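Chains, contacts and geometry: an overview
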Number of protein chains: 2
Amino acid sequence: MPEVPARGFERSEFETRLTKAQALMAQHGFDGILLLSEPEVRYFSGFQTLFWQSPTRPWFLYLPRSGEPVAVIPGIGADLMGRTWVRDIRTWDAPNPDDDGISLLHDLLGPLNASRQTLGILKGHETGLRMPLGDYERLMAGLPDIRVKDATSLIRQLRMVKSEAEIAKLAHICAIGSDTFDTVPEFAREGTPLEDVFRAFRRSALSIGADDVPYLVGGAEQRGYHDVISPPSRRPLQTGDVLMLDTGATFDGYFCDFDRNFAIGRADDASRHAYDVLWRATEAGLNVARPGTTCRELFHAMRAVIAELDDQDANVGRLGHGLGMQLTEWPSHAEFDDTALQEGMVITLEPSLSYGDGRTMVHEENLVIQDGAPRLLSRRAAPELPVI
Amino acid sequence: MPEVPARGFERSEFETRLTKAQALMAQHGFDGILLLSEPEVRYFSGFQTLFWQSPTRPWFLYLPRSGEPVAVIPGIGADLMGRTWVRDIRTWDAPNPDDDGISLLHDLLGPLNASRQTLGILKGHETGLRMPLGDYERLMAGLPDIRVKDATSLIRQLRMVKSEAEIAKLAHICAIGSDTFDTVPEFAREGTPLEDVFRAFRRSALSIGADDVPYLVGGAEQRGYHDVISPPSRRPLQTGDVLMLDTGATFDGYFCDFDRNFAIGRADDASRHAYDVLWRATEAGLNVARPGTTCRELFHAMRAVIAELDDQDANVGRLGHGLGMQLTEWPSHAEFDDTALQEGMVITLEPSLSYGDGRTMVHEENLVIQDGAPRLLSRRAAPELPVI
């Protein structure tokens, strides 16, 4: 295990992010951007807390066209926000259903309204509105002259390309993920309930250095699993099962996201074949994952191999995605996504297929796009289905 | 540890929830309700997966005024939704930024639009819009004659009162939480970095039977901590620290949410006093937490004790809240909330105060409202600040 990366970021990292955002804002005609969601608030401020899991309170970070960000947050977050680089912190005693930040936002955004300027809000793909819709409508009704414009594409453009410091965190958690998968044969034995395999996996990841394992799904069934998003059952592992575990573990707020397959006791031919196809589909992806390749091309490179066994569209809709502060981020390796890969993008390759009688199989690796061949962050899966 | 409750719910539980919802819909003039958020979709369908952590895909469950629910979901969820009681499952190949369920929803809601009926959406306090705002606006623009009405109060009314089966799960995870706090003296020693205390806590909770520990915050500083929502630092515990850990662990999708304080080596007088005040504030809350008491009354009963030491409003804004499928749920023990407690409500009592030079302290217990004195689900904190 290499040295543990420092937590947090240098102030210069946030200054760079803001400078880039403001250059894009000038270019695309945004006079300000109001951010409401955890990854975006964290990206520009460094504010990191699990408290977002409480749905009770909204949190806001405003990026002006020039100058520094403004935090509009519940008082309970003042101390923690005060330890970030953000200096303009405006708080209210939340929760307050009658005015959960609305009048503070109204004051902040009043000048934009007065001069009929353009406010960016995330309204696009893979976003949501993390405040009550009723409050949003009320806020905007009070600012009738503001022009609201979708800022998803601008934010996406910034967040998709990771800095060296971000890549160091991602590399670290991916290494922890790989080490954790290496321990699976120690606890995934015939007779062990799948639920206990999950708990043992989480404990192992924590021992190895993960901060948390927020995402862990998988399945185990005779001769192949049927579903890839289930919580675990009490069913004990049996000889002849194919076990899949897919994890998103975190270090300092950055995710790994990859899975591994294991056969318990013995592997059936169909599952071995499916595994081989997916391994080679990943290889095909790795061979074209270069700066300038589009996500659509990456998708087709993998699909071409998958088609050997499964010429139907898998219903997952894509074969990989971006990775960072969220388990899944833009872009998508899919027919619809013509994003060109760039150096510094961290992505998953996630080919999947259906085989046999409704069985499904998934594979996944995590990598950084760089000049030349990509750098794998996950340790490459074994070329043949491992048997425990 | 009592017997582990069964996972999931009987079909009759979902039928009861739907029947109650439809009775309220008739009473309050809703012709259908469209649900988008994880707890609500799970509440009415039983669909449970960590896959919601991926922000890429929206998920929808529609409750008609009569008849059964309709799921409109990404294809990747079809297998898992097919194992719930929901029979009408409509899927699309997601992600598809051009049409992520929108045309399916348009077809589903067309009849409401044609007859100018009323559609419920969660727009109120403690809710968010878990789909792209742009898609929501596009959907509604295509259904111009539908009357959209906030359904928050209706859903809140149902979810706040827990069934016996829900209470069994909550009691189980609270018992696991209590057992986990009992193990803290084993790993919270002078010289141990706080980050490692957090990992050990998570590992301990998993060993004892938690499915996961999605929420763990806390602090440790000399003679009292200053912040209650931070992630852990690398700073080693020192004699004279007050350590606080606040956890939301889960079993079968239900949370505990309580904290415990510990003095490392020795306790200073001010912290011992603050602890005593908060312990008695909780006691005052327990003494009035009866069916018919309002959350405002509960708030004032605790504030009256807290005022012995801290007559300023703490900036947390409330002194406890509901608990269930989310770490924090309606109602709020706060000045603004006049919800009357009812049998079957599961709540936290969470008095907090400021003392000394900007230090803060929190206490928390979890309980069920019932006829007579409430039933504690967390084991009552020690009456004096425990010293490790």
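Residues numbered from 1 in each chain as written. Chains lettered and ligands numbered in written order. Predicted model: local features only at pLDDT ≥ 70, side-chain atom pairs only at ≥ 80, totals over all residues. Heavy atoms only, no water.

Where an unreviewed UniProt entry is consulted, chain A appears under the name Xaa-Pro dipeptidase, with the organism given as Falsiruegeria mediterranea M17.

Thoughts on the overall build of chain A
Check the secondary structure of chain A and you find 11 helices and 17 strands. Against the compact-globule benchmark of 21 Å for 388 residues, chain A has a radius of gyration of 23 Å, which places it among compact chains. With respect to the three principal axes, the spread of C-alpha positions in chain A is 70 × 40 × 40 Å. Counting across all 388 residues of chain A, residues that qualify as buried make up 63%. Long-range contacts, defined as pairs at least 24 residues apart, comprise 71% of the intrachain contacts of chain A with a sequence gap of at least 6. (Helix = DSSP H or I, 4+ residues; strand = E, 2+ residues; numbered from the N terminus. Rg over C-alpha atoms; globule rule 2.2 N^0.38 Å. Buried < 20%, exposed > 50% of the residue type's maximum accessible area, 1.4 Å probe, protein only. Contact = heavy atoms within 4.5 Å.)

Points about the relation of the copies chain A and chain B
When chain A is fitted to chain B, the residual RMSD is 0.0 Å, and the transformation amounts to a turn of 180 degrees plus an axial shift of 0.0 Å. Viewed as a symmetry operation, the transformation between the two copies matches a two-fold axis. (Least-squares fit on C-alpha atoms with pLDDT ≥ 70 in both.)

Concerning the interface of chain A and chain B
When the parts of a complex come together, some accessible area is lost, and that lost area is often taken as the interface size. Facing 71 residues of chain A, the contacting portion of chain B comprises 71 residues. A combined buried area of about 5,800 Å² lies between chain A and chain B, and 55% of that area is made up of carbon and sulfur atoms. K123(B) is the partner of E137(A) in a salt bridge, and the nearest nitrogen-oxygen pair spans 2.7 Å. Linking chain A with chain B are 38 residue pairs in polar contact (both at pLDDT 80 or more), by the criterion used here. Looking at the side of chain A that touches chain B element by element, the count peaks at 7 residues for helix 9 (residues 194-208) of chain A. Partitioning the side of chain A that touches chain B into residue classes produces 30 nonpolar, 23 polar and 18 charged. (Buried area = accessible area lost by both parts, 1.4 Å probe. Salt bridge = Lys/Arg side-chain N within 4 Å of Asp/Glu carboxyl O. Polar contact = N/O pair within 3.5 Å; in protein donor to acceptor, adjacent residues only side chain to side chain. Nonpolar A, V, L, I, M, F, W, Y, C, P; charged D, E, K, R; others polar.)

Looking at the pattern of salt bridges
Side chains that differ in charge, positive against negative, can pair when their charged atoms come close. A complete count under the given rule lists 76 salt bridges over all chains for this structure. We note a salt bridge from R235(A) to D241(A), for which the minimum N-O separation is 2.9 Å. With relative accessibility at 27%, the residue R235(A) sits in the partly exposed group. Using a relative accessible area of 0% as the deciding quantity, one classes D241(A) as buried. With a closest N to O distance of 3.6 Å, E126(B) and R318(B) form a salt bridge. One end of the pair, E126(B), is in the loop between strand 5 (118-121) and helix 5 (133-141); the other, R318(B), is in the loop between helix 11 (295-306) and strand 11 (321-322), and 192 residues separate them in sequence. When salt bridges with common partners are traced through the structure, they connect R7(A), K169(A), D211(A), D252(A), E195(B), D196(B), R199(B) and R234(B) into a single cluster.

Here we look at the pairing of strand 13 (residues 346-349) of chain B
Consecutive side chains along a regular strand alternate between the two faces of the sheet. Residues and elements named next belong to chain B. What you see with strand 13 is no split at all: V346 and T348 on one side and I347 and L349 on the other are buried throughout. Bridge analysis of strand 13 against strand 16 (residues 365-368) gives 4 bridges, and the strand direction is antiparallel. Note on strand 16: the bridge partner recorded for I347 is L367. (Pairing = 2+ DSSP bridges.)

Structural notes on unusual backbone geometry
Geometrically, the link from W330(A) to P331(A) is a cis peptide bond, its omega value of -5 degrees lying close to zero. Locating P331(A) in the fold gives a position in strand 12 (residues 329-332). Omega for the bond connecting A94(B) with P95(B) falls within 30 degrees of zero, at -5 degrees, which places this linkage in the cis form. The topology assignment puts P95(B) in the loop between strand 4 (88-92) and helix 4 (102-114). One non-glycine residue, R116(A), lies in the positive phi region at around 50 degrees. Even without glycine at this site, D252(B) takes up a positive phi of about 50 degrees. By the secondary structure assignment, D252(B) is in the loop between strand 8 (241-251) and strand 9 (254-255). Given the relative accessible area of 6%, D252(B) is considered buried.

Examining the packing of aromatic side chains
With the rule as written, the count across this model stands at 20 aromatic pairs over all chains. Ring centres of F14(A) and W85(A) lie 6.4 Å apart, and the angle between their planes is 15 degrees; on these two criteria the pair is classed as stacked. One end of the pair, F14(A), is in helix 1 (residues 11-28); the other, W85(A), is in the loop between helix 3 (78-82) and strand 4 (88-92), and 71 residues separate them in sequence. Residue classification places F14(A) among the buried residues on the basis of a relative accessible area of 6%. Seen from their ring centres, F181(B) and F201(B) are 5.1 Å apart, and the 55 degrees between their planes marks the pair as tilted. A residue pair is termed long-range when its members are at least 10 positions apart, and F181(B) in helix 7 (residues 164-182) and F201(B) in helix 9 (residues 194-208) qualify at 20 residues. Each member of the pair F181(B) and F201(B) is classed as buried. Among the aromatic residues, those joined into a cluster by ring pairs are F9(A), F14(A), W85(A) and Y254(A). Of note, R260(A) hangs over the ring of F181(A), and the distance from its end group to the ring centre comes to 6.0 Å. (Phe/Tyr/Trp six-rings, centres within 6.5 Å; stacked < 30°, edge-to-face > 60°. Lys NZ or Arg CZ within 6 Å of the ring centre and 35° of its normal.)

Observations regarding the side chain of H321(A)
Residues and elements named next belong to chain A. Of note, H321 is situated in strand 11 (residues 321-322). Residue classification places H321 among the buried positions, given a relative accessible area of 2%. Within the local environment of H321, its side chain forms a polar contact with the side chain of D257, the two groups lying 3.2 Å apart. Ignoring anything within four residues of it in the chain, the contact list for H321 reads D257, L327, T328, E329, P331, S332, H333, I347, T348, E350 and E364.

Here's the deal with the sheet that holds strand 2 (residues 60-64) of chain A
By definition, the strands of a sheet pair up through backbone hydrogen bonds, in either a parallel or an antiparallel sense. Residues and elements named next belong to chain A. Here 6 strands make up an open sheet; going across it, the order is 4-3-2-1-5-6 and the pairing mixed. Strands at the two margins of the open sheet, each flanked by one partner only, are strand 4 and strand 6 (147-150). Averaged over all neighbouring strand pairs, the angle between strand axes comes to 25 degrees, with direction disregarded. The pairing of strand 2 with strand 3 (residues 70-74) spans 3 bridges and is antiparallel. Of the residues in strand 3, the one forming a bridge with Y62 is V70. (Axes fitted to C-alpha atoms, helices over the stretch in contact; angles between N-to-C directions.)

Considerations on the packing of helix 4 of chain B against helix 5 of chain B
Residue and element names in this part refer to chain B. Where helix 4 meets helix 5, the axes come as close as 10 Å, and the angle between the chain directions of the two elements is 35 degrees. As helix 4 runs across helix 5, the sense of the crossing is right-handed. From helix 4, I102, L105 and H106 reach across to helix 5, where they touch D135, R138 and L139. Partitioning the contact of helix 4 with helix 5 into residue classes produces 3 nonpolar, 1 polar and 2 charged. (Left-handed = near helix turned anticlockwise from the far one by under 90°.)

Quick notes on the packing of helix 1 of chain A against helix 6 (residues 152-160) of chain A
Residues and elements named next belong to chain A. Helix 6 packs onto helix 1 with a crossing angle of 145 degrees between their chain directions and a minimal axis gap of 10 Å. For helix 1 against helix 6, the interelement crossing comes out right-handed. Every residue of helix 6 that contacts helix 1 at R17, K20, A21, L24 and M25 is listed here: L154, Q157 and L158. A class-by-class count of the residues in the contact of helix 1 with helix 6 yields 5 nonpolar, 1 polar and 2 charged.

Looking at the sheet that holds strand 2 (residues 60-64) of chain B
All names here are of chain B. In spatial order, the strands read 4-3-2-1-5-6; together these 6 strands make up an open sheet with mixed pairing. Pairing within the sheet leaves two strands with one partner each, and these edge strands are strand 4 and strand 6 (147-150). Averaged over all adjacent pairs, the angle separating strand axes in this sheet is 25 degrees, with direction ignored. In the sheet, strand 1 (residues 32-35) pairs with strand 2 via 4 bridges, with the strands oriented antiparallel. By the bridge assignment, L34 is partnered in strand 2 with Y62. Against the sheet, helix 2 (residues 38-45) engages strand 1 and strand 2, with an angle of about 50 degrees to strand 2.

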